[in-house]
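Residue strings, one per chain:
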Amino acid sequence: MKFNAYAKLNILLNIHGKYFNGYHSVESVMIPISLCDVLDIEIIPNSDDIIIQSSDFSIPTDERNILYKCGKLFQKHFNISDGFKIVLYKNIPVQSGLGGESTDAACFMHFLNDNYNLTLSYESMFYLGRLLSWDVPICYLKKCVYVHDKKEICEILDIKSKLYFLLVMPEFGISTKKAFENLDKIEYKNVDAYPLINALLTCHNQVGLYVHNCFIQAEPRLMKEYSSLKELSEQIGFDGVSMTGTGSCFFLITTKEDILIKGCNYFKDLYPFVSTASLVL
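As the structure is a prediction and not an experimental result, all values here were calculated from the model.

Undergrad: Would you mind going over the overall build of the protein chain with me for this structure?
TA: The number of helices and strands found in the protein chain is 8 helices and 11 strands. When each of the 281 residues of the protein chain is scored for burial, the buried share is 53%. When contacts within the protein chain are restricted to residue pairs at least 6 apart in sequence, those whose partners lie at least 24 apart make up 75%. For the protein chain, the accessible surface area stands at approximately 13,400 Å², while carbon and sulfur atoms represent 50% of it. If the 26 positive side-chain charges of the protein chain are averaged to one point and the 32 negative ones to another, these points end up 3 Å apart.

Listed below in C-alpha cells is the structure:
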C-alpha cells in the first residue's frame, strides 16, 4: 500500500530564546505542499521486525531511521503484534528544512492509526508525535497551522486560495544543530506573525510580503543566496521569497501559475534542486 508524505514549508519562523532544558521556543506558520515522499508499507504478521528500504542510500535504514522509531513506539504503546516493511521513495531532499523525516513519520502514524483502529485523540497524537520529532504532530494534521509553543498556541488556519511555490536548494546543506548554534551567537530579527496570518486569510496576493525566517541571518551563505533570490524573484514577478526550516531550501511564492512556470524555467539550470509545488488543500 502506497501513501504520500507531504513536505511542509515554514512560511514564517521565529525563535524566542531557549528553555531551561536547552530547547528553543518556536513560533511558526507551517503549510503542507504537494511535493511528497512515498511510503510503500507492507504488514509482516506476527513479527516485531521493522524493515526499512530507501531510494536514497544516504538515509540510514536501521534503528536511527525515524520510521523504525515510529514503528517500535507504536508496537510497544499499543501492543501491536505485527511488523512492517517500508520502502521509502525519497523526493524531499535531506537537510532542506522541508520536513522530510517528520512527514514520513506522520504518514506512517496515519497508516497505523487507520489500519489498527487506534482512534488517536488529538492529545495522544501530539504526545506520540513529539516523542519522534518536534514537528511530526504538525505534519500529521496536514493543515496550515500557526504554532507558538511558548504561548501554547496551535491553531489551524482555514486557507482557501491557491498558492504556488518554486523550491530552490543550493548545493550546501545546514544541519539543524549547526543552525541553532549559529543563531545563538547573533542578534537576530523576529517579526510579528499576524500580518502574514491576516494575508493568508484575506489578501492572498500579499502573503509573500510577510514571509520570514530568522535562520537566514545566522549563516552568511544563506544571506548571500537570499539576497540574490530576492532580487531575481522581484524581476520575475514573484510575491516574495524566504527559506523553510533551518535550511537550506528557499521558496519563491506567487498566486499566478504563469509566474511559477517562468521562474522554474529560469532557475532549473542554476540550482541542483528546483521543484514546483502548491498548497495542499
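Undergrad: What is the right way to look at the packing of aromatic side chains in this model?
TA: Centre distance and the angle of the planes are the two values used to describe a pair of aromatic rings. Tallying each qualifying case throughout the model produces 12 aromatic pairs. When the centroid spacing of 6.2 Å and the interplanar angle of 90° are considered together, the rings of Phe-84 and Tyr-116 count as edge-to-face. In this pair, Phe-84 is assigned in strand E4 (residues 83–89) and Tyr-116 in the loop between helix H2 (100–115) and helix H3 (122–132), connecting sequence segments 32 residues apart. Three or more aromatic residues link up through ring pairs in this structure, and these residues are Phe-3, Phe-84, Phe-108, Phe-111 and Tyr-116. One Lys or Arg, Arg-221, reaches over the ring of Phe-172 and ends 4.4 Å from the middle of that ring.

Undergrad: Got a minute to help me understand the environment of Glu-42 in this structure?
TA: Here Glu-42 shows up in strand E2 (residues 24–44). Residues Glu-42 and Phe-84, spaced 42 residues apart in sequence, show a C-alpha to C-alpha distance of 5.7 Å. Residue contacts for Glu-42: discarding those within four places in its chain leaves Gly-83, Phe-84 and Lys-85.

Undergrad: I'm lost on the packing of helix H1 (residues 66–78) against H2 in this one. Help?
TA: Two elements in contact, H1 and H2, have axes whose closest approach is 9 Å; the angle formed by their N-to-C orientations is 30°. Our classification of the angle between H1 and H2 gives roughly parallel. The two elements H1 and H2 meet at a crossing, and its hand is right-handed. For the pair H1 and H2, the contacting residues are Ile-66, Leu-67, Cys-70, Gly-71 and Phe-74 in the first and Glu-101, Asp-104, Ala-105, Phe-108, Met-109 and Leu-112 in the second. Residues that form the contact of H1 with H2 fall into these classes: 8 nonpolar, 1 polar and 2 charged.

Undergrad: Sorry if this is basic, but what is going on with the sheet that holds strand E9 (residues 240–243) here?
TA: Within a sheet, adjacent strands bond to each other through the backbone by hydrogen bonds, running parallel or antiparallel. What the 4 strands build is an open sheet, ordered E9-E10-E7-E11; its pairing is antiparallel. Each edge of the open sheet carries a strand with a single partner, namely E9 and strand E11 (273–278). Within this sheet the neighbouring strands show an average axis-to-axis angle of 20°, counted without direction. Pairing geometry for strand E7 (residues 164–169) and strand E10 (residues 250–254), over 5 bridges, is antiparallel. Note that in E10 the partner of Tyr-164 across the bridge is Thr-254. Lying on the sheet, helix H8 (residues 257–267) is in contact with E7, E10 and E11; it crosses E7 at an angle near 15°.

Undergrad: How should I be thinking about the pattern of salt bridges in this particular structure?
TA: The tally for this structure, following the rule as stated, stands at 8 salt bridges. Measuring nitrogen to oxygen at the nearest pair gives 3.0 Å for the salt bridge that ties Arg-64 to Asp-62. Judged by relative accessible area, Arg-64 falls into the exposed class, the value being 54%. Given the relative accessible area of 27%, Asp-62 is considered partly exposed. One salt bridge in this structure joins Glu-181 and Lys-177, with 2.6 Å as the shortest N-O distance. Residue Glu-181 and its partner Lys-177 are located together in helix H5 (residues 176–184), separated by 4 residues, close to a single helical turn. Relative accessible area serves as the criterion here: at 60%, Lys-177 is assigned to the exposed category.

Undergrad: Would you take a moment to explain unusual backbone geometry for this structure?
TA: Residues apart from glycine generally show negative phi values, whereas peptide bonds are mostly found in trans. Backbone torsion omega between Gly-247 and Ser-248 reads 10°, so that peptide bond is classified as cis. Positionally, Ser-248 belongs in the loop between E9 and E10. In this model, Asn-117 sits at a positive phi of 50°, which is unusual for a non-glycine residue. Here Asn-117 lies in the loop between H2 and H3. Classification of Asn-117 as exposed rests on a relative accessible area of 63%.

Undergrad: Where do I start with the nonpolar core in this structure?
TA: Burial of nonpolar side chains together is a common tendency in soluble globular proteins. By size, the foremost hydrophobic cluster in this structure holds 35 residues, and its most contacted members are Leu-39, Phe-74, Phe-84, Phe-108 and Met-109. Secondary-structure elements contributing two or more residues to this core are E2, strand E3 (50–54), H1, E4, H2, H3, helix H4 (136–141) and strand E5 (144–148). The biggest single contributor to this core is H2, with 7 residues. Counting residues in each nonpolar core, the second largest holds 31 residues, with Leu-9, Leu-157, Leu-167 and Ala-277 among its members.

Scoring rules and cut-offs
Residues numbered from 1 in each chain as written. Predicted model: local features only at pLDDT ≥ 70, side-chain atom pairs only at ≥ 80, totals over all residues. Heavy atoms only, no water. Helix = DSSP H or I, 4+ residues; strand = E, 2+ residues; numbered from the N terminus. Buried < 20%, exposed > 50% of the residue type's maximum accessible area, 1.4 Å probe, protein only. Contact = heavy atoms within 4.5 Å. Areas by Shrake-Rupley, 256 points an atom, 1.4 Å probe, with all protein chains shown as cover. Lys, Arg positive; Asp, Glu negative; His and termini not counted. Charge placed at Lys NZ, Arg CZ, Asp CG, Glu CD. Phe/Tyr/Trp six-rings, centres within 6.5 Å; stacked < 30°, edge-to-face > 60°. Lys NZ or Arg CZ within 6 Å of the ring centre and 35° of its normal. Axes fitted to C-alpha atoms, helices over the stretch in contact; angles between N-to-C directions. Parallel < 35°, antiparallel > 145°, perpendicular 65-115°, else oblique. Left-handed = near helix turned anticlockwise from the far one by under 90°. Nonpolar A, V, L, I, M, F, W, Y, C, P; charged D, E, K, R; others polar. Pairing = 2+ DSSP bridges. Salt bridge = Lys/Arg side-chain N within 4 Å of Asp/Glu carboxyl O. Core = buried A, V, L, I, M, F, W, Y, C linked by side-chain atoms within 4.5 Å.

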